Amino acid sequence: MTATREQELGDNLEAVRERIEAACVAAGRPADAVTLVGITKTFPISDVRALVALGVRDLGENREQELKVKAPNCLDATWHFVGQLQSNKARSVVRNASVLHSVDRSSLVKALSRAAVEEGRVLRCLLQVSLAEYGPAGAATGMSRGGVPPADVPELAAAVAAADGLELGGVMAVAPLGSDADEAFGGLETVASRLRSEHPGADWISAGMSGDLEAAIRYGATHVRLGRALLGTRTPLG
Ligand SMILES: *Cc1c(COP(=O)(O)O)cnc(C)c1O
């Protein structure tokens, strides 16, 4: 960790906190209504430690291979897993993360529940909601590909709520490329408020990334997931 990198991360963090605060003020929400989750994918453990030293308490990864290396090396953060998850990696995520943002099918719920019970852990689970209906037709690719259609949220929510070792925490979404973020996150807010009327404890909305956090905060995001704005440009992993 060079002094300049530390300085850079500190400056980025300050700028990001200012953006979050301004968005909260504009939305008439308290400044502490939104939790920053630093997405450290592709960045080294030295950056992870520097962020924690700067006061970032919540960190996230989108690949199981990276999570299982970084999380045990930084136990004083709360770890979030935000990527698509295969059932055979469920146990590793249960061991290394406290929050999973990407529950999208009932077969995964079964695998997670079994692993959580066997590991003696409780995993907070957010349902990843597909906002594909707000994107250009047929254009859902990459990160916005995943997720359960809004109509199927009640059934998946009931499965998580009934599962031992899992706690239903709320919803997560990625605005599709080419969508109007306000429309997409407005749709997510509607899904979230329906979910809360059935499950009052499921009150988290994980929405907003470096490019669209202001729109997400306008529509009730409680957790923003920030990579580039905090850490800089990513070099893609192979
Ligand atoms: C990488 C990633 C982010 C962070 O994206 P940035 O545009 O770098 O802020 C957020 N959510 C998920 C699911 C991601 O994979």
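Residues numbered from 1 in each chain as written. Predicted model: local features only at pLDDT ≥ 70, side-chain atom pairs only at ≥ 80, totals over all residues. Heavy atoms only, no water.

A. Inspection of the site of the ligand at higher detail. What surrounds the ligand is a group of 13 residues, the closest being Lys 41, Ser 210, Gly 227, Arg 228 and Arg 234. The contact in question runs from an oxygen atom of the ligand to an N or O atom on the side chain of Arg 228, over 2.7 Å. With respect to the ligand, the side chain of Arg 234 contributes an N or O atom lying 2.7 Å from an oxygen atom. About the coverage of the ligand: the protein hides 97% of its 390 Å² of free accessible area. (Near = heavy atom within 4 Å. Polar contact = N/O pair within 3.5 Å; in protein donor to acceptor, adjacent residues only side chain to side chain. Areas by Shrake-Rupley, 256 points an atom, 1.4 Å probe, with all protein chains shown as cover.)

B. Main features of helix H5 (residues 106–119). In a regular helix each residue adds 1.5 Å, so 14 residues correspond to 20 Å; H5 covers 20 Å between its end C-alpha atoms and thus fits that length. Buried within H5 we find Leu 108, Val 109, Ala 111, Leu 112, Ser 113, Ala 115 and Ala 116. (Helix = DSSP H or I, 4+ residues; strand = E, 2+ residues; numbered from the N terminus. Expected span 1.5 Å × (residues − 1). Buried < 20%, exposed > 50% of the residue type's maximum accessible area, 1.4 Å probe, protein only.)

C. Main features of the pattern of salt bridges. In this structure the tally under the stated criterion is 14 salt bridges. One salt bridge connects Arg 124 with Glu 167, and the closest N-O pair in it is separated by 2.9 Å. Pair noted here: Arg 124 is in strand S5 (residues 123–128) and Glu 167 is in strand S6 (residues 166–172), with a separation of 43 residues, a long-range link. Its relative accessible area of 13% is what places Arg 124 among the buried residues. When its relative accessible area of 36% is taken as the criterion, Glu 167 is described as partly exposed. The residue Arg 124 makes a salt bridge to Asp 203 at a minimum N-O spacing of 3.6 Å. Of this pair, Arg 124 sits in strand S5 while Asp 203 sits in the loop between helix H7 (181–198) and strand S7 (204–206), and the two are 79 residues apart along the sequence. Salt bridges linked by common partners bring Arg 91, Arg 95, Glu 118 and Glu 119 together as one network. (Salt bridge = Lys/Arg side-chain N within 4 Å of Asp/Glu carboxyl O.)

D. Representation of helix H6 (residues 153–162) within the structure. Looking at H6, one finds that the buried residues are Val 153, Leu 156, Ala 157 and Val 160. An end-on view of H6 places all buried positions within 105° of arc, on one side of the element. For H6, the exposed residues set more than 90 degrees away from the buried face come down to Pro 154, Glu 155 and Ala 162. Buried residues belonging to H6 abut strand S4 (99–103), H5, S5, S6 and H7. (Arc of directions from axis to C-beta. Contact = heavy atoms within 4.5 Å.)

E. Main features of a negative patch on the surface. A contiguous patch of negative charge, built from Asp 11, Glu 14, Glu 18 and Glu 21, is present on the exposed surface. Looking at the element boundaries, Glu 21 is found in helix H1 (residues 3–26). (Patch = residues over 30% accessible without salt bridge, like charges linked within 9 Å, V, L, I, M, F, W, Y side chains within 5 Å. Lys, Arg positive; Asp, Glu negative; His and termini not counted. Charge placed at Lys NZ, Arg CZ, Asp CG, Glu CD.)

F. A look at the nonpolar core. Core analysis: the largest hydrophobic core is formed by 69 residues, its most contacted members being Ile 20, Val 103, Leu 112, Leu 166, Phe 185 and Leu 188. When residues in this core are grouped by element, the largest group, seven residues, is from H7. Those residues in contact with Leu 112 that lie beyond four places of it in its chain are Leu 85, Ala 90, Val 94, Leu 100, Val 103, Leu 123 and Leu 166. (Core = buried A, V, L, I, M, F, W, Y, C linked by side-chain atoms within 4.5 Å.)

G. Structural detail: the side chain of Ser 179. Examined against the element boundaries, Ser 179 turns out to sit in the loop between S6 and H7. Residue classification places Ser 179 among the buried positions, given a relative accessible area of 18%. Beyond its immediate chain neighbours, meaning those up to four positions away, Ser 179 contacts Tyr 134, Gly 135, Pro 136 and Ala 184.

H. Examining the pairing of strand S2 (residues 58–61) more closely. Taking every second residue as pointing to the same face, both faces of S2 are buried, with Asp 58 and Gly 60 on one and Leu 59 and Glu 61 on the other. Relative to S2, strand S1 (residues 35–39) runs parallel, the two being bridged by three bridges. Across the sheet, Gly 38 pairs through a bridge with Leu 59, a residue of S2. Considered for its hand, the β-α-β crossover made up of S1, helix H2 (residues 45–53) and S2 is right-handed. Sheet topology places S2 next to strand S3 (residues 78–81); four bridges connect them, and they run parallel. Within S3, the residue paired with Gly 60 across the bridge is His 80. Each parallel crossover has a hand, and for S2 linked through helix H3 (residues 64–70) to S3 it is right-handed. (Pairing = 2+ DSSP bridges. Right-handed = clockwise from strand over helix to strand, strands pointing away.)

I. Summary view of the packing of aromatic side chains. Taken as a whole, this structure holds zero aromatic pairs when the rule is applied. In this structure, Arg 124 is placed above the aromatic ring of Trp 204, and the distance from its NZ or CZ to the ring centre is 4.2 Å. (Phe/Tyr/Trp six-rings, centres within 6.5 Å; stacked < 30°, edge-to-face > 60°. Lys NZ or Arg CZ within 6 Å of the ring centre and 35° of its normal.)

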